[in-house]
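Listed below are the residues making up each chain.
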Amino acid sequence: MTYEFGWQWRRSTKAAKTLALGMILTMSGFVLVVVGTSMFLDRHPSQGTQLVVLAALPLFPMLCMLAVVGMYLQSETDEFQRLVRVRSLLGAIAVALATNFFAGMLRGLGAIPSWPPFAEFVIFWFAFGAIQLVQVLAYRVRDDA
Amino acid sequence: MRNRIRELRVERGWSQADLAEKLEVSRQSVNAIETGKYDPSLPLAFKLSRLFGRRIDAMFDDGMEIRA
């Protein structure tokens, strides 16, 4: 598995490597900002403009994440790999929206309690990863006949 | 779409990795094209055409016949 990953990484396009590194950086940034903001708000309860600014902080790494994906789509030279990632994105959007709508209906009817913050965001990226994995397995190269 | 990419590649003694390198795509892409799971865009089809020295319609067959 490690060998397979190493091979995949070496054979990845420059755009795919940039995407992977960009995602690691922006996801780490997102977690740091969310945890940092939450800790700050726990210790220094805020109101008004300060609260709005603090609540908006996690937007930046999240928008950076989408920008990284956008730059990848623009710079990827391997059209098949680009198609695979676009499919993953569309699938993830479908899963996140469907989950949000369904849970929203149940919440509206009082059938379930409210979800933890950023649940849809986490669902989106998990779905992206899962769909990506399914496609990697579907298009797996086994031999070189 | 059916194609003769695998046949043309094997004729030249190239591996999928060799062809992928010449086309500047992943081996996964070459495999998907060869197995008909993915039809390449026109620019990539032209690249294949130049590489193999064949016309595009001699490499790809969409199963349609032109009627006069």
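Every value quoted in this text rests on a predicted model; they were computed, and no experiment measured them.

### Here's the deal with a nonpolar patch on the surface
Part 1 of the argument: Residues A:Val86, A:Leu90, A:Ile93, A:Leu97 and A:Phe101 make up a contiguous nonpolar surface patch of about 470 Å² in total accessible area.
Part 2 of the argument: Following the sequence through the fold, A:Ile93 ends up in helix α5 (residues 79-108).

### Topic: unusual backbone geometry
Residues and elements named next belong to chain B.
Part 1 of the argument: At Glu-24, a residue that is not glycine, the phi angle is positive and equals roughly 60°.
Part 2 of the argument: For Glu-24, the location among the structural elements is in the loop between α2 (16-23) and α3 (27-34).
Part 3 of the argument: On the basis of relative accessibility, which here comes to 54%, the residue Glu-24 falls in the exposed class.

### Things to note about helix α6 (residues 119-138) of chain A
Residue and element names in this part refer to chain A.
Part 1 of the argument: Between its first and last C-alpha, α6 extends 28 Å over 20 residues, near the 28 Å set by a 1.5 Å rise per residue.
Part 2 of the argument: Three or more residues of α6 are buried, namely Ala-119, Phe-121, Phe-124, Trp-125, Ala-127, Phe-128, Gln-132 and Gln-135.
Part 3 of the argument: On the buried face of α6, the contacting elements are α2 (14-43), α4 (59-75) and α5.

### Description of the interface of chain A and chain B
As a measure of interface size, the accessible area lost when the parts come together is often cited.
Part 1 of the argument: Listed as interface residues are 16 residues of chain A and, on the opposing side, 20 residues of chain B.
Part 2 of the argument: Summed over both sides, the interface of chain A with chain B buries roughly 1,500 Å², with 46% coming from carbon and sulfur.
Part 3 of the argument: Across the chain A-chain B interface, the total number found is zero salt bridges.
Part 4 of the argument: The interface formed by chain A and chain B holds seven residue pairs in polar contact (both at pLDDT 80 or more) in total.
Part 5 of the argument: Only α1 (2-11), α5 and α6 of chain A provide two or more residues apiece to the side of chain A that touches chain B.
Part 6 of the argument: Counting residues per element, the side of chain A that touches chain B draws most heavily on α5(A), which supplies four residues.

### Quick word on the pattern of salt bridges
Residues and elements named next belong to chain B.
Part 1 of the argument: Evaluated as defined, the whole model comprises seven salt bridges over all chains.
Part 2 of the argument: A salt bridge links Arg-4 to Glu-7, with the shortest nitrogen-to-oxygen separation between them at 2.8 Å.
Part 3 of the argument: The class for Glu-7 is partly exposed, based on a relative accessible area of 41%.
Part 4 of the argument: The partner of Asp-57 in a salt bridge is Arg-55, with the nearest N and O atoms 2.8 Å apart. Considered together, Asp-57 and Arg-55 belong to a single accessibility category, that of exposed residues.

What counts, and where the lines are drawn
- Residues numbered from 1 in each chain as written.
- Chains lettered and ligands numbered in written order.
- Predicted model: local features only at pLDDT ≥ 70, side-chain atom pairs only at ≥ 80, totals over all residues.
- Heavy atoms only, no water.
- Patch = residues over 30% accessible without salt bridge, like charges linked within 9 Å, V, L, I, M, F, W, Y side chains within 5 Å.
- Areas by Shrake-Rupley, 256 points an atom, 1.4 Å probe, with all protein chains shown as cover.
- Salt bridge = Lys/Arg side-chain N within 4 Å of Asp/Glu carboxyl O.
- Helix = DSSP H or I, 4+ residues; strand = E, 2+ residues; numbered from the N terminus.
- Buried < 20%, exposed > 50% of the residue type's maximum accessible area, 1.4 Å probe, protein only.
- Expected span 1.5 Å × (residues − 1).
- Contact = heavy atoms within 4.5 Å.
- Buried area = accessible area lost by both parts, 1.4 Å probe.
- Polar contact = N/O pair within 3.5 Å; in protein donor to acceptor, adjacent residues only side chain to side chain.

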